[in-house]
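Overview (structure and organization)
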Amino acid sequence: MPELLTVPFLVSAVVACIAGMVRGFAGFGAAMLMTPVFSALYGPAVGVALCLLLEIAVALPLVPKVWRLVDWRRIGLLLLAAAVGVPFGNLTLTQVEPEPMRWAISAIVLGAVLLLANGWRFSGKPNAATTLAAGATSGFLNGLSGMAGPPIAFYYLAGRDTAAQVRANLTTYFVFVDLLAIAVFASRDLIGWSTGVHGLVLAPAVILG
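The following paragraphs examine the structure supplied in this document. (Residues numbered from 1 in each chain as written. Predicted model: local features only at pLDDT ≥ 70, side-chain atom pairs only at ≥ 80, totals over all residues. Heavy atoms only, no water.)

Broken down by element type, the protein chain carries 10 helices and 0 strands. Reading the protein chain from its N end, one meets helices and strands in the order α-α-α-α-α-α-α-α-α-α. For the C-alpha atoms alone, the extent of the protein chain along its principal axes is close to 50 × 35 × 35 Å. Counting across all 209 residues of the protein chain, residues that qualify as buried make up 45%. Residue pairs in contact within the protein chain that sit at least 24 positions apart in sequence constitute 81% of those at least 6 positions apart. Carbon and sulfur atoms form 71% of the exposed surface of the protein chain, whose accessible area is close to 9,900 Å². (Helix = DSSP H or I, 4+ residues; strand = E, 2+ residues; numbered from the N terminus. Buried < 20%, exposed > 50% of the residue type's maximum accessible area, 1.4 Å probe, protein only. Contact = heavy atoms within 4.5 Å. Areas by Shrake-Rupley, 256 points an atom, 1.4 Å probe, with all protein chains shown as cover.)

This part takes up helix H1 (residues 7-26). Given a rise of 1.5 Å per residue, 20 residues ought to cover 28 Å, and the 28 Å separating the end C-alpha atoms of H1 matches this to within 8%. Listed as buried for H1 are Phe9, Ser12, Ala13, Val15, Ala16, Ala19, Gly20 and Arg23. Of the surrounding elements, those touching the buried residues of H1 are helix H2 (30-42), helix H3 (44-59), helix H9 (163-187) and helix H10 (193-208). (Expected span 1.5 Å × (residues − 1).)

We now examine a nonpolar patch on the surface. A cluster of nonpolar side chains, Trp67, Trp72, Phe176 and Leu179, forms an exposed patch at the surface whose accessible area comes to about 390 Å². By the element assignment, Phe176 lies in helix H9. Classification of Phe176 as partly exposed rests on a relative accessible area of 34%. (Patch = residues over 30% accessible without salt bridge, like charges linked within 9 Å, V, L, I, M, F, W, Y side chains within 5 Å. Salt bridge = Lys/Arg side-chain N within 4 Å of Asp/Glu carboxyl O.)

A rise of 1.5 Å per residue sets the reference length of H9, with its 25 residues, at 36 Å; its end C-alpha atoms lie 36 Å apart and thus fit the reference within 8%. Positive backbone phi, approximately 60°, marks Asp189, located one or two places after H9.

Here we take up the side chain of Ser138. Within the secondary structure, Ser138 is located in helix H7 (residues 128-145). Take Ser138: its relative accessible area is 0%, and that puts it in the buried class. Ignoring anything within four residues of it in the chain, the contact list for Ser138 reads Met147, Ala148, Pro151, Ile152 and Tyr173.

Turning next to the pattern of salt bridges. Pairing is possible between side chains of opposite charge, provided their charged atoms come close. Tallied over the entire structure, the rule returns 1 salt bridge. Notably, a salt bridge pairs Asp71 with Arg74, separated by 3.6 Å at the nearest N-O pair. Look at Asp71 and you get partly exposed, because its relative accessible area is 31%. The class of Arg74 is buried, set by a relative accessible area of 19%.

Two measures describe an aromatic ring pair: the distance that separates the ring centres and the angle between the ring planes. For the structure shown, the criterion picks out 4 aromatic pairs. The interplanar angle of 85° and the centroid separation of 5.2 Å between the aromatic rings of Tyr155 and Tyr156 together place this pair among those described as edge-to-face. With a relative accessible area of 2%, Tyr156 lands in the buried category. One aromatic cluster is present, built from ring pairs that chain together Trp67, Trp72 and Phe176. (Phe/Tyr/Trp six-rings, centres within 6.5 Å; stacked < 30°, edge-to-face > 60°.)

Have a look at this one:
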């Protein structure tokens, strides 16, 4: 059970709330805020697992509202490739020492933010090959850092879908890819009882945001 009045918990609650606001506004980006902070506070393995649990908490209630707008064929291809990438990312996470991994996670976030801020867009036409590549990269990053969003965000921003369709596909994809990553973490005993309780206590903050 996390201590509710400690500085790490209070910091993580504030970050979770802000991350929830970002997810509600943009449809992605919550993990880009939570993962670096949680990894610094609790270590990369616990921080990533905690981020995945909170991502599920904020995304799952939104799925029934967007179900009819989802392109299930494309989501299926993305998840098929992500299912290959997630275990490799998770293996990398547990094989690299915590300190270098913290820096790697921070570098991933910084790189994604710089690309988004500069307005970079993937210029190729979305097809089966690019869909599988985006899914595999996203899955690897989700297993590594809990951040499935950047490759998928760039992939969808290159298309012609409406904003509502993009948000629907992002929301639905993140639910399933996060469930996949949680299953991989659990199979390797990387999500303990304390992490689950910690996520449960922080969930109201991210949902509120």
